[in-house]
Amino acid sequence: MENQTAAMPRIGDPAPAFEAATTQGKIDFPADFKGKWVILFSHPSDFTPVCTSEFMLFGKMEDEFAALGCRLVGLSVGTVSSHIAWLRAIREKIEYKGIRNLDIRFPLIADMTMEVAKKYGMIHPGESDTAAVRAVFFIDPRGIIRAILYYPLVLGRDFAEIKRILIGLQTIDAFGVALPADWRPGDDVIAPAGSTKSAADERMERPAEGVRCYDWYFCTKPLPEEEVMSRGGK
Ligand code: BEZ
């Protein structure tokens, strides 16, 4: 138990490195993905219903994530042959939300020893000590963990939120802004504050063009959706 809970990488940490067998051959992580955004996610088990519904969505959205410069890498405690048999069964038999005949091309890690799952804090013993919870790690092109989500075994992930987080992180990097609650591309963003109180006061008194200040600590400005999306993945 000690071993399973010791390593919990956090936001701002370098993504822990590992080599692993996957449905697409061996990977050296994160080195093989340098210069790309990566969503590394875990699921508890092959041939289970919530996981199957999630793979329909991951598979359907693979090209949308690729268009944002982001690769998907899945992981569960299972063998390559089980993963391949499950992905084939999904393609041949499952329909979910109108999605069917789905070819899943991203790698799915076979983490039989739980070495990677433990490294990433994906084993939560109160939930299961033999299966990974539904973790999502957003890793930037420098290999730094930028956001983490955890879901329990019986709750499928929100894919609109996963995409929103990716676009949000890319927008933060590209435009040097912060993003307020419930932000969506096209919504106003938080204009950067001055680094000193007097700079913030100055900004309040004479806001830059397009900036609206409500008080010295809360200024917003428009950022059109086309600008946000034109920077996606860059
Ligand atoms: C599921 O994907 O449905 C599932 C997997 C493990 C435990 C419970 C549910």
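Details of the structure are given in the entry above.
Not measured: the values here are computed from a predicted model.

J.: Where do I start with the overall build of the chain in this structure?
T.: Secondary structure summary: the chain contains seven helices and 12 strands in total. Overall, the chain is about 65 × 45 × 30 Å in size when its C-alpha atoms are taken along their principal axes. Residues classed as buried in the chain amount to 45% of the 234 residues present. Put simply, 67% of the contacts in the chain that link residues at least 6 apart link residues at least 24 apart.

J.: How do you make sense of the side chain of H43 when you look at a structure like this?
T.: Inspection of the secondary structure assignment puts H43 in the loop between β3 (37–42) and α2 (49–67). Given the relative accessible area of 0%, H43 is considered buried. Within the structure, H43 has its side chain in polar contact with the side chain of D46 (distance 3.3 Å). Discounting chain neighbours no more than four positions away, the residues touching H43 are C51, E54, F55, L75, S76, W86, L108, A132, V133, R134 and R157.

J.: What should I look at first to understand the site of the ligand in this one?
T.: In the region of the ligand, the neighbouring residues are P44, T48, P49, V50, C51, R134 and L153. Here an oxygen atom of the ligand sits 3.3 Å away from a polar atom, N or O, in the main chain of P49. Burial of the ligand by the protein chains amounts to 77% of its free accessible area of 260 Å². At three residues, α2 tops the list of elements feeding residues into the shell around the ligand. A class-by-class count of the residues in the shell around the ligand yields five nonpolar, one polar and one charged.

J.: Teacher, can you tell me more about the packing of α2 against helix α3 (residues 80–93) here?
T.: Working note: a packed helix pair is described by the angle between its axes plus the distance between those axes. Interaxial distance between α2 and α3 falls to 11 Å at its minimum, and their mutual angle equals 70 degrees. Here α2 lies roughly perpendicular to α3, going by the angle between them. For the pair α2 and α3, contact is made by C51, T52, F55 and M56 and by W86, L87 and I90, respectively. Class assignment for the residues of the contact of α2 with α3 results in six nonpolar, one polar and no charged.

J.: Please clarify how the nonpolar core should be interpreted in this entry.
T.: Generally speaking, soluble globular proteins have nonpolar side chains that are buried together. I39, F55, F65, F138 and I162 are the most contacted members of the largest nonpolar core, which has 37 residues in total. Among the secondary structure elements, those contributing two or more residues to this core are β3, α2, β4 (70–76), α3, β8 (134–139), β9 (145–151) and α5 (159–175). The dominant element in this core, judged by the number of residues it contributes, is α2, at seven residues. Two domains each donate at least three residues to this core, and these are domain 1 (18–158) and domain 2 (176–230). Setting aside chain neighbours within four positions, we find I39 in contact with F65, C70, R71, L72, V73, V136, F137, F138 and I162. One finds A20, A117, Y120 and A135 within the second-largest nonpolar core, a separate group that totals 22 residues.

J.: What is the right way to read the packing of aromatic side chains from this model?
T.: Given two aromatic rings, one states the distance between the centres and the angle between the planes to describe the pair. Per the stated rule, a full pass over the model turns up 15 aromatic pairs. Between F55 and F106, the aromatic rings sit 5.8 Å apart at their centres with planes inclined by 40 degrees, giving tilted as the arrangement. Residue F55 is located in helix α2, and its partner F106 is located in the loop between β6 (99–100) and β7 (108–110); the two are separated by 51 residues in the primary sequence. Looking at F55, the relative accessible area reads 0%, which means it is buried. With a relative accessible area of 2%, F106 lands in the buried category. Ring pairs connect the aromatic residues F18, F29, F33, Y120, F137 and Y150, which therefore count as one cluster.

J.: Looking at this model, I keep getting lost on the state of the cysteines. Mind explaining?
T.: Counted under the stated rule, the structure contains one disulfide. The side chain of C213 participates in a disulfide bridge whose partner is C219; the two sulfur atoms lie 2.0 Å from each other. Across the S-S bond linking C213 and C219, the dihedral sits near 105 degrees, which makes this disulfide right-handed. Cysteine C70 shares no disulfide, and the gap to the nearest cysteine sulfur, in C51, comes to 20 Å. Look at C70 and you get buried, because its relative accessible area is 2%.

Reading the values: rules and limits
Residues numbered from 1 in each chain as written. Predicted model: local features only at pLDDT ≥ 70, side-chain atom pairs only at ≥ 80, totals over all residues. Heavy atoms only, no water. Helix = DSSP H or I, 4+ residues; strand = E, 2+ residues; numbered from the N terminus. Buried < 20%, exposed > 50% of the residue type's maximum accessible area, 1.4 Å probe, protein only. Contact = heavy atoms within 4.5 Å. Polar contact = N/O pair within 3.5 Å; in protein donor to acceptor, adjacent residues only side chain to side chain. Near = heavy atom within 4 Å. Areas by Shrake-Rupley, 256 points an atom, 1.4 Å probe, with all protein chains shown as cover. Nonpolar A, V, L, I, M, F, W, Y, C, P; charged D, E, K, R; others polar. Axes fitted to C-alpha atoms, helices over the stretch in contact; angles between N-to-C directions. Parallel < 35°, antiparallel > 145°, perpendicular 65-115°, else oblique. Core = buried A, V, L, I, M, F, W, Y, C linked by side-chain atoms within 4.5 Å. Domains from an automatic or database assignment. Phe/Tyr/Trp six-rings, centres within 6.5 Å; stacked < 30°, edge-to-face > 60°. Disulfide = S-S within 2.5 Å.

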